[in-house]
Amino acid sequence: MSILVSRPSKMPVDRNPTISINYNVTSFENEVLCMSIHELEEANRCLQCKKPLCREGCPIHTNIPEMIRLFKENDLLTAAQMLFDNNPLSVVCSLVCNHAAQCEGHCVRGIKGAPVHISAIENYISDSCFDRLKIQQAPSNGKKVAIIGAGPAGITIAIILAKRGYQITVFESRDKIGGIMRYGIPDFRLPRYILDRFEERMKAMGIKFRFNFTIGGNITLKDLFADGYQSVFIGTGAWRPKRMRIPGETFGNVHYAISYLNNPDAVDLGQSVAIFGSGNSAMDVARTAVRHGCKSVTVYVRRDHVSASQDEYEYSLLDGVKYEFNKTAVAIKDEGPMVADTKVEDGHVTVLEDTARLVPVDSVVIAVSQVPKRRLVEHNQGLELNDRGNLKILEYGETSLPGVFASGDVVTGAKTVVHAVEYSKKIADEMDLYMKNLDKKG
Ligand code: SF4
């Protein structure tokens, strides 16, 4: 037995920062056991509840007690397989979910103390076993499916339908997979190697990728059906930043969160930045700005609390980000935003008159959410948007065009990875059913 003392090599720095001991037990038949003391201690705190509230709190109902039981029995691969089969993006969700509001926020251990650190255990299992997962695939049924967009929803549908024997082609406008996970979540929260591993595994499943290619340009949805695709999935996300609709948004010192996070290296925010918004994107911008050398980073929040997860808020405080509550911008000047006080009454925010004053900063970032771009709708007759600007779907994910399904942020507006996966699982079933019914109709 060799014992190595090390930090898990690929763990993000601000998650699971425990020193761990890796036991390399070569005499065991199936597994090289890599147990982290922290994760083991946490697993030992689990009460194996008969009615596990942690599972109820998980949007995708991960079987957490079973995961922990298998972990304690050193059967990591079985645990990882169970996690992947229920949630192909388990390893991502273990890092980016709002655990404090979901599984860990519901754990009974949390009533009188700290909840079991479920996310750390899930991450340990899913990360260490990812490359060894056995992804069972049915023989090819010869049916082609087009997936537009390689974000969380597209990846989920592609994996599920490829497992069922469909021939999948993914059309992605950028040169790598991940969508919002790669171009909207900073790599200190979600290391890019995780997404690269997904791409490798998906290619090994026979999934084809057409990168740097956008449907809605020279190729339309009609062309896909004409070439024999039986069904099309749209998971193009929400990439159009919402405006604050105040004067000055076009100035050179102003950026939108999604544009900044797309490539922070390309944007010089200067020494001081004012961020408007209170969701995870605002936190991501703030923490990224700190890491890119901004000396003064302040987030202005219209209400008296943030809407981001508590974890992300606390991490941002640790990073030195400052907050100003009940404040908003009413205009932006070349020298900085005009910031006014707000009042919340019956859930509505009103701006208090004569309170606006200039806050001199180098840059302003607007982080007040995103909606889908309209390119696909404008270039494909019959696709419709709802009154919130999201893609309109029927009850089972089918759009206003037969055989064209959608889920993820393009349908719901900007939401979380786990919600995109959870909903996409249902849509994959509906697409499967739709294509089987096509056979019956002959
Ligand atoms: Fe274990 Fe907490 Fe879930 Fe109970 S609620 S099974 S203690 S993780």
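A brief look at the structure comes next.

Moving on to the pairing of strand 13 (residues 336–345). Across six bridges, the pairing between strand 12 (residues 327–333) and strand 13 is antiparallel. For alanine 329, the partnering residue across the bridge sits in strand 13 and is valine 339. Sheet topology note: the strand 13/strand 15 (residues 357–358) ladder contains two bridges and is antiparallel. Across the sheet, residue valine 339 finds its bridge partner in strand 15, namely arginine 357. Hairpin connection from strand 13 to strand 14 (residues 348–351): two residues lie between these consecutive antiparallel strands, with aspartate 346 at a positive phi of about 50 degrees.

On to the sheet that holds strand 8 (residues 254–256), then. Taken in spatial order, the five strands of this open sheet run 8-16-9-10-11, and their pairing is parallel. A single partner strand is all that each edge strand has here, and the edge strands are strand 8 and strand 11 (322–325). Each strand axis lies, on average, 25 degrees off the axis of its neighbour in the sheet, ignoring direction. Pairing of strand 10 (residues 296–301) with strand 11, which is carried by four bridges, proceeds in the parallel orientation.

What follows concerns the pattern of salt bridges. Scanning the model with the defined rule gives 21 salt bridges in all. Between aspartate 196 and arginine 182 there is a salt bridge, with the nearest N and O atoms lying 2.7 Å from each other. Separated by 14 residues along the polypeptide, aspartate 196 in helix 10 (residues 192–204) and arginine 182 in helix 9 (residues 180–183) bring together distant segments of the chain. Between aspartate 319 and arginine 291 there is a salt bridge, and its shortest N-O distance comes to 2.8 Å. You can see aspartate 319 sitting in the loop between helix 14 (310–318) and strand 11 and its partner arginine 291 sitting in helix 13 (residues 280–291), a full 28 residues away along the chain. Since its relative accessible area comes to 39%, arginine 291 is described here as partly exposed. Salt bridges sharing partners connect three or more residues here, namely Arg189, Asp284, Arg287, Arg291, Glu312 and Asp319.

What follows deals with the side chain of serine 363. Within the secondary structure, serine 363 sits in strand 16 (residues 363–366). Relative accessible area serves as the criterion here: at 3%, serine 363 is assigned to the buried category. In contact with serine 363, not counting residues within four places along its chain, are Asn253, Asp268, Leu269, Gly270, Ser272, Val273 and Ala274.

Summed over the entire model, instances satisfying the criterion amount to zero disulfides. There is no disulfide at cysteine 93, and the cysteine sulfur nearest it, in cysteine 97, is 4.1 Å away. A relative accessible area of 3% places cysteine 93 in the buried class.

What follows is about the site of the ligand. Taken together, Cys46, Leu47, Cys49, Cys54, Pro65, Cys107, Val108 and Ile118 make up the full set of residues adjacent to the ligand. Residue composition of the shell around the ligand, by class: eight nonpolar, no polar and no charged.

The tally for this structure, following the rule as stated, stands at ten aromatic pairs. Taken together, a centroid distance of 5.1 Å and an interplanar angle of 20 degrees make the contact between phenylalanine 276 and tyrosine 300 stacked. One end of the pair, phenylalanine 276, is in strand 9 (residues 272–276); the other, tyrosine 300, is in strand 10, with 24 residues separating them in the sequence. Considered together, phenylalanine 276 and tyrosine 300 belong to a single accessibility category, that of buried residues. These aromatic residues form a ring-pair network of at least three members: Phe84, Phe130 and Phe198. In this structure, arginine 174 packs its charged tip against the face of tyrosine 183, placed 4.1 Å from the ring centre.

On to the sheet that holds strand 18 (residues 404–406). The strands making up a sheet are joined through hydrogen bonds of the backbone, oriented either antiparallel or parallel. With parallel pairing, the five strands of this open sheet are ordered in space as 5-4-3-6-18. Looking at the sheet topology across the chains shown, the edges are occupied by strand 5 (208–210) and strand 18. Here the average twist between neighbouring strands, direction ignored, is 20 degrees. Where helix 17 (residues 417–441) meets the sheet, it contacts strand 3 (144–148), strand 6 (229–234) and strand 18, and its direction lies at approximately 160 degrees from that of strand 6.

This brings us to the nonpolar core. Val92, Ile168 and Phe198 are the most contacted members of the largest nonpolar core, which totals 69 residues. The biggest single contributor to this core is helix 8 (residues 152–163), with eight residues. When residues no more than four places from it in sequence are discounted, the contact partners of valine 92 are Met181, Leu190, Ile194, Phe198 and Val417. In this structure, Val273, Val297, Val306 and Ala308 belong to the second largest nonpolar core, which totals 23 residues.

To continue, consider the environment of leucine 385. With respect to the secondary-structure elements, leucine 385 resides in the loop between helix 15 (375–379) and strand 18. Linking leucine 385 and serine 400, residues 15 residues apart in sequence, is a C-alpha distance of 9.2 Å.

In this section: the pairing of strand 4 (residues 167–171). Counted residue by residue, strand 4 has four buried out of five residues, so it is predominantly covered. For strand 3 and strand 4, the ladder comprises five bridges, and the chain directions are parallel. Within the sheet, the bridge partner assigned to lysine 144 lies in strand 4 and is glutamine 167. Crossover strand 3 to strand 4 through helix 8 is right-handed. In terms of strand pairing, strand 4 meets strand 5 through three bridges, oriented parallel.

Moving on, we get to helix 14. Of all the positions in helix 14, only Glu312, Tyr313 and Ser316 are classed as buried. Taken around the axis of helix 14, the buried residues stretch over an arc of 100 degrees, which confines them to a single face. Each element contacted by the buried residues of helix 14 is listed here: helix 13 and strand 11. Phi turns positive one or two residues past the end of helix 14, at glycine 320, with a value near 100 degrees.

Cut-offs applied
Residues numbered from 1 in each chain as written. Predicted model: local features only at pLDDT ≥ 70, side-chain atom pairs only at ≥ 80, totals over all residues. Heavy atoms only, no water. Pairing = 2+ DSSP bridges. Helix = DSSP H or I, 4+ residues; strand = E, 2+ residues; numbered from the N terminus. Axes fitted to C-alpha atoms, helices over the stretch in contact; angles between N-to-C directions. Salt bridge = Lys/Arg side-chain N within 4 Å of Asp/Glu carboxyl O. Buried < 20%, exposed > 50% of the residue type's maximum accessible area, 1.4 Å probe, protein only. Contact = heavy atoms within 4.5 Å. Disulfide = S-S within 2.5 Å. Near = heavy atom within 4 Å. Nonpolar A, V, L, I, M, F, W, Y, C, P; charged D, E, K, R; others polar. Phe/Tyr/Trp six-rings, centres within 6.5 Å; stacked < 30°, edge-to-face > 60°. Lys NZ or Arg CZ within 6 Å of the ring centre and 35° of its normal. Core = buried A, V, L, I, M, F, W, Y, C linked by side-chain atoms within 4.5 Å. Right-handed = clockwise from strand over helix to strand, strands pointing away. Arc of directions from axis to C-beta.

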